[in-house]
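Breakdown of the fold
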Amino acid sequence: MINVTEIKRGDVLEIDSDPWAVADVSSQTPSARGASLLVKAKLKNLRSGQTLARTWRGGEMVEVAEVETRKVQFLYRQGDEHVFMDLESYDQVVLANDLLGDAVGYLTENLEVATVLFHDRVITVD
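Notes on the structure in this doc start here. As the structure is a computational prediction, the values presented were derived from the model and not from experiment.

To continue, consider the packing of aromatic side chains. Applying the stated criterion across every chain yields a total of one aromatic pair. Seen in terms of ring centroids, phenylalanine 74 and phenylalanine 84 are 5.4 Å apart; in terms of plane orientation they differ by 55°. Their pairing is tilted. Of the two residues, phenylalanine 74 is situated in strand β7 (residues 67-78) and phenylalanine 84 in strand β8 (residues 81-86); the sequence distance between them amounts to ten residues. Taking relative accessible area as the criterion, phenylalanine 74 reaches 3% and is therefore assigned buried.

Have a look at this one:
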């Protein structure tokens, strides 16, 4: 957990069990006496692509998401699924078309891409 005043662009937060990337963050001090600092952030859901604007009061705590990036190599297409190989462990990972989205059209054999894992599950491919 971190204080909202420590949030930076590029951080990944866990909100309602989903990973949200911080696209932009700003702080605002209200002019009224005794009013607390406000932290405003624009967030993008790494699973669904949905965007969200969120405001917190200074001093609130947020959960940092534990995401991991791994390099994989595209091996071949198998029906509606695509088989990748983890370049560190050599394990094969099978991903469905819906997870890959528009990236499916750009996949060629032996192409190296990065996968983003959240709770040991692939959520997106770059």
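More follows now that the structure is in view.
The next thing to look at is unusual backbone geometry. At asparagine 110, a residue that is not glycine, the phi angle is positive and equals roughly 70°. Note that asparagine 110 resides in the loop between α1 (97-100) and β10 (112-118). Asparagine 110 sits in the exposed class, given a relative accessible area of 52%. The phi dihedral of histidine 119 falls on the positive side, at around 55°, and the residue is not glycine. For histidine 119, a relative accessible area of 52% gives the class exposed.

Here is what the cut-offs are and how they apply
Residues numbered from 1 in each chain as written. Predicted model: local features only at pLDDT ≥ 70, side-chain atom pairs only at ≥ 80, totals over all residues. Heavy atoms only, no water. Phe/Tyr/Trp six-rings, centres within 6.5 Å; stacked < 30°, edge-to-face > 60°. Helix = DSSP H or I, 4+ residues; strand = E, 2+ residues; numbered from the N terminus. Buried < 20%, exposed > 50% of the residue type's maximum accessible area, 1.4 Å probe, protein only.

The analysis is restricted to geometry; functional conclusions fall outside its scope.
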